[in-house]
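Read off the chains here:
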Amino acid sequence: MFQLMKGRVSFWKVAGTVIFMILQVLTTLYLPNLTADIVNNGITKGDTHYIIIASGKMLLTSILVVLASFSNVFLAAQVSQKLGQKLRTDIYQKVLYMSNDEFDQVGTSSLITRTTNDVLQVQNVVMMLLRMMIMAPIMMIGASLMAYQKNAQLTQVFLIVIPILAIVLGIIMYWAVPLFKAMQQKTDRLNLIFREGLTGVRVIRAFRQDQYEQKRFGQANQDYTHNAEKVYSIVAAMPPIMTLIMGGTNIGITWLGAHYIAQQSLQVGNLIAFMTYAMQILMSCTMLAVVFVVVPRAQASAARIRGVLDLQSQLQEPKTSSPNPSSRASLEFRKVGFRYQQAEKSVLTGVNFQAQAGQTVGIIGGTGSGKTTLVSLISRMYDVTTGAVLVNGSDVRQQTLTEINTQVAVAFQKAILFKGSLRENLQYGNSEATDEQLWHALAIAQAQDFVQAAQGLETWVEQDGSNFSGGQRQRLTIARALVKEAAIYVFDDSFSALDFQTDARLRQALRQDPRMKTKIIVIVGQRISTIADADTILVLDQGQMVGCGTHAELKAKNATYQEIMQSQIKGGVN
Ligand SMILES: Nc1ncnc2c1ncn2[C@@H]1O[C@H](COP(=O)(O)OP(=O)(O)OP(=O)(O)O)[C@@H](O)[C@H]1O
């Protein structure tokens, strides 16, 4: 946890918190001493003047206690809140730069839990540490010394009380700590199921799996609640036990104190002060116990946060980048092989092809043949396992991620839009784009009509673009990719939800766009018609490139291509 604080909290604020806390402890310890003085020298002797002076000192000391405590809480809150803010920012930043492999390793719901719940745990405990963990030992030592100074004989009571307290707190910690630690994993599981249920609610309803899902969520919820019930029952037992121990201590001190007063070896004021110090000692022990119970849970949270922050990205940025030597677009795959980190087998082997500015590359193959994987290597979402991918003549691994991202515009298979105006969505890859450019992109993407029929560029897009149809969403993501000024435009199965006519019109508009003469277009398609007019078509079969050529060449002599054609003959292509 302290490692997480390094560089994220202000040293001066932490130092200020400690100084105010020490001031608070010292002034708090001084108060019972003043009470003893008032009783011993003022009330007992009937000295009103002494009482007034001592009361004034008490008032001033109390004001100091309040000011020191306020300043300590104020600074501790600032330190812990700032830490939370920085951790959330750092995790989010890390996630944005993670390779897809690392993202898959942690999982979306766990990332959400880590950014919210885990950060909150750490934040709360840091606040607690800055208040209690430092205060408790100082208070304990200070109160013990003061109590000893008031009456050494009475301290015998602690010889009995402290061991009892230690045993009780030890038992509580023994039970509570593992349960507290388990809370985070159970929260993670609960969030995972809840998130899956929310995102897949339509599927759940369509398959009538609501009861199964309810049961699955119910079990996780029950598991979480059982654990929480146990933890909080144990924690709830602490205050009454402490009250009992404190009550017993008071009785012991009063009983012994009464004897010493009768023997005239103790003054009444000192007895009152001693009792207050005794309570302060016991309270400090409790504070420490609470800290020791909650710290392990926060430690578990801190480890989960560090698990994300310490992830070493597989995508290493080059020390010195070699900017694209060519001003004209080019794309080359040299004997590319690729295997996912968690997978046993390669999903791509021996992929070889070249494309120049003005050309279109079509990629076709059965489901799971590696089409999406292949195009994700162009924008360096993953690094190749063997061979090399060259964009504009230079290996993508020699270019920074920012450089490569400016070269490649992608319309993904899953059409994702963000909540906001359509203009904001379209300008996502090019904030400078003018209205004219946006309408031009919409026209190519065959989205002009339905956007005009709505509120134009100001049309509101709901979360995930849920107020558009699947085909409309696809066309908008195509337009968004086209608005970006890139060298290579990748359309990963982006035409799948379009009807044949719209698909054909879109591709024709793309071909006729004068901008595309200096660019490369890569189209992944399931339908032969989508990729038939490409300059080069790659045919994939179980990760192998089994064909490369034009439609006419492949139609004449490529068995896999012919098979795909046969299966789609009713689609109208021959
Ligand atoms: N993140 C991943 N981790 C491990 N294996 C993966 C991952 N993504 C895809 N795969 C595997 O890689 C293979 C190729 O997947 P890919 O998505 O590239 O195929 P595709 O041709 O685009 O399929 P489709 O046409 O169905 O979209 C599949 O066998 C798939 O199971």
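What counts and how
Residues numbered from 1 in each chain as written. Predicted model: local features only at pLDDT ≥ 70, side-chain atom pairs only at ≥ 80, totals over all residues. UniProt positions renumbered as here; feature names shortened; annotations may be inferred. Helix = DSSP H or I, 4+ residues; strand = E, 2+ residues; numbered from the N terminus. Buried ≥ 20, exposed ≤ 12 C-beta atoms within 10 Å, placed from the backbone. Contact = placed C-beta atoms within 7 Å. Near = placed C-beta within 6 Å. Nonpolar A, V, L, I, M, F, W, Y, C, P; charged D, E, K, R; others polar. Domains from an automatic or database assignment. Pairing = 2+ DSSP bridges.

As annotated in an unreviewed UniProt entry, the chain is ABC transporter ATP-binding protein from Bombilactobacillus apium. Per UniProt, the chain has the following entry under Subcellular location (unreviewed entry): "Cell membrane".

Caption draft 1: Structural context of the overall build of the chain. Counting its secondary structure elements, the chain contains 19 helices and 12 strands. Taking the principal axes of its C-alpha atoms as reference, the chain extends roughly 115 × 50 × 45 Å. In the chain, which comprises 574 residues, the proportion classed as buried is 35%. Look at the contacts in the chain between residues 6 or more apart in sequence, and 80% of them connect residues 24 or more apart.

Caption draft 2: Seen up close, the UniProt feature "transmembrane region" (unreviewed entry) in the chain. Those places that UniProt annotates as "transmembrane region" (unreviewed entry) correspond, in this numbering, to residues 12-31, 51-77, 129-148, 154-177, 241-262 and 274-295. Counted over residues 154-177, helix gives 92% and strand 0%. Its end C-alpha atoms are 34 Å apart. End-to-end, the C-alpha atoms of residues 274-295 are 31 Å apart, and along that stretch the chain is 100% helix and 0% strand.

Caption draft 3: Region of the structure containing the site of the ligand. Near the ligand lie 14 residues; those nearest to it are Tyr340, Thr367, Lys371, Thr372 and Thr373. When its residues are assigned to classes, the shell around the ligand shows three nonpolar, nine polar and two charged.

Caption draft 4: Examining unusual backbone geometry more closely. A positive phi is found at arginine 380, a non-glycine position, where the angle reads about 55 degrees. Residue position: arginine 380 is located in the loop between α10 (371-378) and β4 (386-391). Residue class for arginine 380 comes out buried when judged on the 22 C-beta atoms lying within 10 Å of it. For aspartate 464, which is not a glycine, the phi torsion comes out positive at approximately 65 degrees. Inspection of the secondary structure assignment puts aspartate 464 in the loop between β8 (460-461) and α15 (470-483). By C-beta crowding, aspartate 464 is classed as partly exposed, having 15 other C-beta atoms within 10 Å.

Caption draft 5: Up close: the UniProt feature "domain: ABC transmembrane type-1" (unreviewed entry) in the chain. According to UniProt, the positions carrying the feature "domain: ABC transmembrane type-1" (unreviewed entry) are residues 15-297. Between the C-alpha atoms that bound residues 15-297 there is a distance of 25 Å. The span itself is 93% helix and 0% strand.

Caption draft 6: Seen up close, the environment of valine 293. Considering the arrangement of structural elements, one finds valine 293 in helix α9 (residues 268-309). With 47 residues separating them along the chain, valine 293 and methionine 246 place their C-alpha atoms 21 Å apart. In contact with valine 293, other than residues within four places in its own chain, are Met173, Ala176, Val177 and Phe180.

Caption draft 7: Region of the structure containing the domain arrangement of the chain. Split by domain assignment, the chain resolves into domain 1 (2-309) and domain 2 (330-571). Its C-alpha centre places domain 1 at a distance of 55 Å from the equivalent point of domain 2.

Caption draft 8: Quick peek at the pairing of strand β11 (residues 536-541). In terms of residue burial, β11 counts as a mostly covered element, since five of its six residues are buried. In terms of strand pairing, strand β3 (residues 360-365) meets β11 through five bridges, oriented parallel. Each residue of the ladder has a partner; that of isoleucine 363, found in β11, is leucine 538. In terms of strand pairing, β11 meets strand β12 (residues 544-549) through five bridges, oriented antiparallel. Looking at the pairing, isoleucine 537 lines up with glycine 549 of β12. Hairpin remark: β11 followed by β12, antiparallel, with two residues in the connecting loop; positive phi at glutamine 542, about 45 degrees.

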